[in-house]
Amino acid sequence: MQERANHLDFDIRFEGARDVLARPHRHEYFQIQVSIHGGSQQVIGGAVRPFTAGHLSFVLPYRVHVVPHPPGARYAIVNFDQGFLWPELAVEALDLEEVPALRQPELAPFLFQEYVDFHFGDADFARILGWLEELAALNRERCFGSVGAIRGILLQLMALACDRHEAQLLAQVALQSGRSPGRDALQRVMRYVREHLGEEMSLNDAAAAAMLSPNYLAHLLKKQTHRTFTELVTERRLERAKELLVTSNARIADIARQCGFGDAVYFSRRFRLHNGVTPRQFRSQAEAGLGRAAELTAAQKQAFQPSGAPFTVA
């Protein structure tokens, strides 16, 4: 926050104060963006949601996002550090999605921004604009008691979002109940890996495709799969290679290339480390197993075929 704020714990600014970040990005602090006039859409995590006048956007730390502000748009941006508002919340920023919304309701707008549009009617939005002006004045003065007043207004703002969107937020709480944190994000990553197995891939590539920060993706993979990104990709490539060895007659060098291994020798070495046999031995064993299965099926048919009657399957 220090590069784009006057204070390290909390800051508020309006349009024109600094250049707009028009590309997907992430930061280590909480952010609330308010569309006062104009606006269009925002990209948050893996979702595209409206962001026109009367909308608020609640951005978790390290969540990749972009909120474009077209020429002539009026808006406000509020940034604050986790310790500024929740000093008692002993959770790493990358693990905030694990905090139950029912335990910390004011986090709900940040947790579910990808699924809920936070739009406010005229009366509520006028109230929000008044709070923004008050926050700006308190932040400029920063006298004794200012920090407590700022915290109080922030909590009122989040409480209003929770109150006006209670049904949608509780529906998301119910949907998320029993699901692993980051499941949707992890599914996007796995889909990307599956679709690009034959290509060069990096953690940064997968994170960008899933609209995640590389740090968060590495953290999520370690927590959910106990693997690094490289380990996960290698494992998926080797599983795909096993499928091709059994179901196709392609040369082993060609299978290596199809699965993202540029070097057939390196592929064979990794395959043997993972499966205990070389690709050629695996294919031979699979073919032998299929042959035995075919012989067994023929023997079963013969055993169950009535004398003089053709064998049929119902």
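Just so it is clear, the model here is predicted, and its values are computed rather than measured. (Residues numbered from 1 in each chain as written. Predicted model: local features only at pLDDT ≥ 70, side-chain atom pairs only at ≥ 80, totals over all residues. Heavy atoms only, no water.)

### What to know about empty space enclosed by the protein
Inspection of the entire model under this criterion finds two cavities of 30 Å³ or more. Each pocket or cavity is described by its volume, and for the second largest cavity that value is around 50 Å³. Lining the second largest cavity are 10 residues, and of these Leu 94, Asp 95, Glu 98, Tyr 216 and Leu 220 lie nearest its centre. In terms of residue class, the lining of the second largest cavity is built from four nonpolar, two polar and four charged. (1 Å grid on protein atoms, 1.4 Å probe; cavity = no way out; pocket = protein on both sides within 12 Å on 5 of 7 lines; lining within 4 Å. Points joined across faces, edges and corners; volume = space filled by probe spheres on them. Nonpolar A, V, L, I, M, F, W, Y, C, P; charged D, E, K, R; others polar.)

### Considering the sheet that holds strand E6 (residues 65-66)
Reading across the sheet, the three strands line up as E4-E3-E6 and stay open at both edges, with antiparallel pairing between neighbours. Bordering the open sheet on either side are strand E4 (47-52) and E6, each of which pairs with just one other strand. In this structure, strand E3 (residues 39-44) lies alongside E6, joined through two bridges in antiparallel fashion. Residue pairing for E6: Ile 44 is matched across the bridge by His 65. (Pairing = 2+ DSSP bridges. Helix = DSSP H or I, 4+ residues; strand = E, 2+ residues; numbered from the N terminus.)

### Things to note about the pairing of strand E5 (residues 55-59)
The buried fraction of E5 amounts to five of the five residues, a majority that puts the element mostly inside the structure. Residues His 55, Ser 57 and Val 59 of E5 are buried on one face, and the alternating residues Leu 56 and Phe 58, pointing to the opposite face, are buried as well. Relative to E5, strand E2 (residues 30-37) runs antiparallel, the two sharing four bridges. Along E5, the bridge assignment pairs Val 34 with Leu 56. Judged from the two bridges that link them, E5 and strand E8 (residues 118-119) form a sheet pairing that is antiparallel. Following the sheet pairing, Leu 56 is matched in E8 by Phe 118. (Buried < 20%, exposed > 50% of the residue type's maximum accessible area, 1.4 Å probe, protein only.)

### As for the pattern of salt bridges
Applying the stated criterion to the full structure yields 15 salt bridges. The partner of Arg 164 in a salt bridge is Asp 163, with the nearest N and O atoms 2.3 Å apart. Given the relative accessible area of 42%, Arg 164 is considered partly exposed. The partner of Asp 254 in a salt bridge is Arg 257, and the shortest N-O contact between them spans 2.2 Å. Here Asp 254 and its partner Arg 257 are both found in helix H10 (residues 252-258), three residues apart, which amounts to about one turn of the helix. Under the relative-accessibility criterion, Asp 254 is labelled partly exposed at 23%. On the basis of relative accessibility, which here comes to 46%, the residue Arg 257 falls in the partly exposed class. Here the residues in one salt-bridge network are Arg 63, Glu 97 and Glu 114, joined through shared partners. (Salt bridge = Lys/Arg side-chain N within 4 Å of Asp/Glu carboxyl O.)

### With respect to the nonpolar core
By size, the foremost hydrophobic cluster in this structure holds 44 residues, and its most contacted members are Ile 32, Leu 56, Phe 80 and Leu 154. Tallying contributions element by element places helix H4 (residues 146-164) first for this core, with eight residues. With residues up to four places along the chain from it excluded, the contact list for Leu 56 reads Ile 32, Gln 33, Val 34, Phe 51, Gln 113, Phe 118, Phe 120, Phe 125, Ile 128 and Leu 157. If you look at the next biggest cluster of nonpolar residues, it comprises 19 residues, including Tyr 192, Val 193, Ala 207 and Phe 229. (Core = buried A, V, L, I, M, F, W, Y, C linked by side-chain atoms within 4.5 Å. Contact = heavy atoms within 4.5 Å.)

### With respect to unusual backbone geometry
Phi at Met 211 takes a positive value of approximately 60°, unusual for a residue other than glycine. Secondary-structure assignment places Met 211 in the loop between helix H7 (203-209) and helix H8 (214-225). Positive phi values are uncommon outside glycine, yet His 226 reaches one of about 60°. Tracing the sequence through the fold places His 226 in the loop between H8 and helix H9 (229-247). Residue class for His 226 comes out exposed when judged on its relative accessible area of 62%.

### A look at the side chain of Gln 42
Mapping Gln 42 onto the fold places it in strand E3. On the basis of relative accessibility, which here comes to 2%, the residue Gln 42 falls in the buried class. Residues within four places of Gln 42 in sequence aside, it is in contact with Ala 47, Val 48, Arg 49, Pro 50, Phe 51, Ser 57, Val 66, Val 67, Pro 68 and Gln 113.

### Concerning the pairing of strand E1 (residues 10-14)
Where burial is concerned, most of E1 is hidden: four out of the five residues are buried. In this structure, E1 lies alongside strand E7 (residues 74-80), joined through five bridges in antiparallel fashion. Within E7, the residue paired with Phe 10 across the bridge is Phe 80.

### Here's the deal with the environment of Ile 150
Secondary-structure assignment places Ile 150 in helix H4. Leave out the neighbours within four places in its chain, and Ile 150 touches Phe 10, Phe 84, Leu 135, Leu 138, Asn 139 and Arg 142.

### Things to note about the sheet that holds E7
Spatially, the five strands line up as an open sheet ordered E1-E7-E2-E5-E8, and their pairing is antiparallel. Edge positions in the open sheet fall to E1 and E8, since each of these has one partner strand only.

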